[in-house]
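Examining the three-dimensional arrangement
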Amino acid sequence: MNSASGNDPQALREPVLTTTSARIVTRDQHPVSRSQISDNALKVLYRLIGAGHQAFLVGGCLRDILVGIEPKDFDIATDALPDEVRALFRNARLIGRRFRLAHVRFGREVIEVATFRGAAADDAPQMERQALPSRRRSTQENEPAAALSGSGMILRDNVYGTIEDDAARRDFTINALYYTPADFCLYDFAGGLEDIEQRRVRLIGDPAQRYREDPVRILRALRFAAKLGFDLEAETAAAIPDTAELLLDVPPARLFDEVVKLLLHGQGEDTFDWLCRFGIFTMLFPEAAACTERDPTQNTFIRTALANTDNRIVEDLPVTPGFLYAALLWPAVVAEKERQEAAGASPKEALVAAGAEVIARQQAHTSVPRRFSTWMREAWELQPRLESPTPRQVQRLMSHPRFRAAYDFLVVRERAGHATGGMGDWWTRFQAADEHARQAMLGALRPGTGRGGPRRRRRRRKPSAAS
Ligand code: ATP
Ligand code: MG
């Protein structure tokens, strides 16, 4: 194959692949240029190519560049086996059991390098394919290289193949584009360029079968539609209702990751609409969905929280899955708290218990890792304390490690029309006020409601049963 020094960006080169199954677009006919690609990704590509391998940028980064969005990461596909990749890069680490691939790390940037994946078993997608060279097998010899579950879900997929195989195994046509600096050509194996032009998300192959293989593709379809402002191609949309319940078989830990990706990419509010339209929100968050259906103000609250998160992403402010999950589950927490109070618990006990129970029940659908659940419960439990602080508590609350999050949460609730006594606004003004104004604001606070009073103070503190 060609060696690629690639110093002249204008140079037109012969395509390095002579494939008949791809539309090949030469450098003068497409807008992808090296200036849009991370230096580290280029380094990896050049080293692989220099060692005699094929190496291509693939997937989301090309799709995003073509749509005019700055890519958030760069994925590489190569004919080098994982061990060969590792041998070429001191900073490479092999990860994954389901899909073995190499992560090449440059400081905070990780370039994912995956070996061309072959078609597993007899589920060959419906794409034209060239005659294949002998298929290589996973290096983990003691287990089958590929495995399907009873319902046809892919459990393991470590059969390697050609670039054509690799393209056919990708999810959407817009994600099956390849680019290599060996010739600066774009290779379009599934009609992705036309779908980008027509602004539609289309699964490669038979949609129902592709969703059955991996139901998470349903979530990915909705995510890309929202993120790119695309439509779902008719058959890609039509197959969702019949296959959506397979999402219930996906391990909750994977669903947690996917939900975070779904709702924390900058178009969370639009994605929420897509999820609701296909009944997927109900499947992922049954308890919260039941509450939002009963009570439209809770629906408004979730949308406000998602819009708030979307804005933070635009403003480059940090966002955390903790805040997202705290918002998604809040309607359920409020409902459970009311039940607990009706059964005789004090408001404080009811809130603590409701938080614990709602999180425990949610674990069956999407797991909530402990580092986030602790965060969420603290943010929830601070809500009533921020709504009615005594003057003496104000300073202490402000130095609480979860104050900032709880305050943001309170503001979102207030903006959504929840009854917060206007305290979101009060805290906003208080933080901005000078010392003199702060004293006046503290003086005007309603005196406390007995919290911290003498009887309570004498009691020995007992850790709450639910915390
Ligand atoms: P983004 O990184 O913006 O979320 P992406 O398309 O790069 O989008 P990744 O999850 O990084 O998404 O996956 C990289 C590529 O791997 C995809 O573009 C797609 O080609 C392929 N891919 C990812 N997940 C699947 C899947 N479940 N089924 C088939 N192919 C997939
Ligand atoms: Mg990606």
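Scroll up a little and you will see the structure.
The present account deals with the structure reproduced in this document. (Residues numbered from 1 in each chain as written. Chains lettered and ligands numbered in written order. Predicted model: local features only at pLDDT ≥ 70, side-chain atom pairs only at ≥ 80, totals over all residues. Heavy atoms only, no water.)

1. Concerning the overall build of the protein
Heads up, the rule is: Here a strand is any run of E in DSSP of at least two residues, a helix any run of H or I of at least four, and the numbering for each starts at the N terminus. Contacts: residue pairs with any heavy atoms within 4.5 Å of one another.
Scanning the protein from N- to C-terminus turns up 22 helices and twelve strands. Taking contacts inside the protein between residues at least 6 apart in sequence as the whole, the part at least 24 apart equals 69%.

2. Some words on a positive patch on the surface
Rules: Each patch is assembled from residues with relative accessible area greater than 30% and no salt bridge, linking like charges that lie within 9 Å and nonpolar side chains (Val, Leu, Ile, Met, Phe, Trp, Tyr) that lie within 5 Å. Only the protein chains shown count as cover for residues, and all accessible areas are computed by the Shrake-Rupley method using a 1.4 Å probe. Salt-bridge detection follows one rule: a side-chain nitrogen of Lys or Arg within 4 Å of a carboxyl oxygen of Asp or Glu. By the counting scheme adopted, Arg and Lys are positive, Glu and Asp are negative, and His together with the chain ends is not counted. Charged side chains are reduced to one point each, which is NZ for Lys, CZ for Arg, CG for Asp and CD for Glu.
Side chains of Lys348, Arg385, Arg392 and Arg396 sit close together on the surface and give a patch of like positive charge. Structurally, the position occupied by Lys348 is in helix α16 (residues 347-362).

3. Structural notes on the site of ligand 1
Formally: Any residue with a heavy atom positioned within 4 Å of a molecule or strand is treated as near that molecule or strand. Throughout this description, a polar contact denotes any pair of N or O atoms lying within 3.5 Å of each other; where both atoms belong to protein, one of them has to be capable of donating a hydrogen while the other can accept it, and for residues adjacent in sequence the pair is counted only when both atoms sit in side chains. The nonpolar class holds Ala, Val, Leu, Ile, Met, Phe, Trp, Tyr, Cys and Pro. Asp, Glu, Lys and Arg form the charged class, and all remaining residues, Gly among them, are polar. Boundaries between domains were set according to an automatic or database domain assignment.
The immediate surroundings of ligand 1 are formed by 16 residues, with Arg63, Arg170, Asp214, Arg217 and Arg223 found nearest. At a separation of 2.8 Å, an oxygen atom of ligand 1 approaches a polar side-chain atom of Arg63. Lys72 has a polar side-chain atom sitting 3.0 Å from an oxygen atom of ligand 1. Isolated, ligand 1 exposes 580 Å² of accessible area, and the fraction of that covered by the protein chains is 86%. A per-element tally of the shell around ligand 1 places helix α7 (residues 216-228) first, with five residues. For the shell around ligand 1, the residue count by class is one nonpolar, three polar and twelve charged. Residue-level mapping places the shell around ligand 1 at the junction of two domains, with at least three residues from each of domain 1 (7-119 + 160-198) and domain 2 (206-249).

4. So, the sheet that holds strand β9 (residues 177-180)
Cut-off, in case you're wondering: When DSSP finds two or more bridges between a pair of strands, those strands are recorded as paired. Fitting a line to C-alpha atoms yields each axis, with helices limited to the stretch in contact; the angle taken between N-to-C directions then spans 0 to 180 degrees.
Taken in spatial order, the eight strands line up as β1-β10-β9-β2-β3-β6-β5-β4 in an open sheet, and their pairing is mixed. The sheet is open, and its two borders are formed by β1 (23-25) and β4 (92-95), each paired with just one other strand. Each strand of the sheet is rotated relative to its neighbour by a mean of 30 degrees, with strand direction disregarded. As paired elements, β4 and strand β5 (residues 101-106) share four bridges and run antiparallel to each other. Paired with Ile95 across the two strands is Leu101, which belongs to β5.

5. Topic: the side chain of Arg170
Along the chain, the position of Arg170 falls in the loop between α4 (163-169) and β9. A polar contact of 3.1 Å, which involves the side chain of Arg170, links it to the side chain of Tyr178. With sequence-adjacent residues up to four places away left out, Arg170 is seen in contact with Val58, Ala77, Asn175, Ala176, Tyr178, Ile204 and Arg210.

6. Quick notes on unusual backbone geometry
This is how the line gets drawn: Think of it in three bands: residues with accessible area under 20% of the maximum for their type are buried, residues over 50% are exposed, and the middle band is partly exposed, with areas taken using a 1.4 Å probe on protein chains only.
A positive phi is found at Arg199, a non-glycine position, where the angle reads about 55 degrees. Even without being a glycine, Asp316 presents a positive backbone phi close to 65 degrees. Looking at where Asp316 falls in the secondary structure, it is placed in the loop between α14 (296-314) and α15 (321-342). Residue Asp316 is classed as exposed on the basis of its relative accessible area, which comes to 70%.

7. A closer look at the pattern of salt bridges
Here the idea is simple: oppositely charged side chains can pair when their charged atoms come close. On inspection of all chains with the given rule, the structure shows 26 salt bridges. In this structure, Lys227 engages Asp64 in a salt bridge whose closest nitrogen and oxygen atoms are separated by 3.2 Å. Linking Lys227 in helix α7 with Asp64 in helix α2 (residues 60-67), this pair joins segments that are 163 residues apart in sequence. Here Lys227 falls in the buried class, since its relative accessible area comes to 15%. By relative accessible area, Asp64 is classed as buried at 2%. Salt bridges linked by common partners bring Glu194, Asp195, Arg200, Arg202 and Glu233 together as one network.

8. Thoughts on the packing of aromatic side chains
One pair of aromatic rings is described through two measures. These are the centre distance and the angle between the planes. What counts is decided by this rule: Centres within 6.5 Å make a pair out of two Phe, Tyr or Trp rings, where for Trp the six-membered ring is used; the pair is then stacked when the planes are under 30 degrees apart, edge-to-face when over 60, and tilted otherwise.
The tally for this structure, following the rule as stated, stands at 20 aromatic pairs. Summarising the aromatic geometry, the rings of Tyr178 and Phe189 are spaced 5.3 Å apart at their centres and angled 85 degrees between planes, so their arrangement reads as edge-to-face. With Tyr178 in strand β9 and Phe189 in the loop between β10 (185-188) and α5 (192-198), this pair connects stretches of sequence that are eleven residues apart. Judged on exposure class, the residue Tyr178 and its partner Phe189 are both buried. Consider the rings of Phe256 and Tyr325, whose centres lie 4.9 Å apart with planes at 40 degrees: the pair is tilted. Taken as a pair, Phe256 in helix α10 (residues 252-263) and Tyr325 in helix α15 lie far apart in primary sequence, 69 residues in all. Tyr325 matches Phe256 in its accessibility class, with the two residues each being buried. Three or more aromatic residues joined by ring pairs make a cluster, and in this case those are Phe256, Phe272, Phe281, Phe285, Tyr325 and Phe372.

9. Quick look at the side chain of Asn308
Considering the arrangement of structural elements, one finds Asn308 in helix α14. In contact with Asn308, other than residues within four places in its own chain, are Phe323, Val412 and Arg415.

10. Observations regarding the packing of helix α18 (residues 391-398) against helix α20 (residues 423-432)
What counts, and what does not: Roughly parallel means an angle under 35 degrees; roughly antiparallel means over 145; roughly perpendicular covers 65 to 115; every other angle is labelled oblique.
Interaxial distance between α18 and α20 falls to 13 Å at its minimum, and their mutual angle equals 75 degrees. Classed by the angle they form, the pair α18 and α20 counts as roughly perpendicular. Contacts from Val394, Leu397 and Met398 in α18 reach Trp426, Trp427, Phe430 and Gln431 in α20. Taken together, the residues of the contact of α18 with α20 break down into six nonpolar, one polar and no charged.

11. Thoughts on α7
To be explicit about the condition: A helix is expected to span 1.5 Å for every residue after the first.
Helix length check: α7, at 13 residues, gives a terminal C-alpha distance of 18 Å against a target of 18 Å (1.5 Å per residue), a fit within 8%. Counted residue by residue, α7 has twelve buried out of 13 residues, so it is predominantly covered. Considered for burial, the residues of α7 that qualify are Val216, Arg217, Ile218, Leu219, Ala221, Leu222, Arg223, Phe224, Ala225, Ala226, Lys227 and Leu228. At the C-terminal side of α7, Gly229 shows a positive phi close to 70 degrees.

12. A closer look at the environment of Val104
Tracing the sequence through the fold places Val104 in strand β5. The contact partners of Val104, leaving out residues within four places of it in the chain, are Val44, Phe89, Asn91, Ala92, Glu109, Val110, Ile111 and Val113.

13. So, the pairing of strand β2 (residues 55-58)
Across the two faces of β2 the burial is the same, with Ala55 and Leu57 and Phe56 and Val58 all buried. Summarising the sheet, β2 and strand β3 (residues 75-78) pair through four bridges and their orientation is antiparallel. From the neighbouring strand, Ala55 faces β3, where its bridge partner is Thr78. Pairing geometry for β2 and β9, over two bridges, is antiparallel. When the sheet's bridge partners are listed, Leu57 is paired in β9 with Tyr179.

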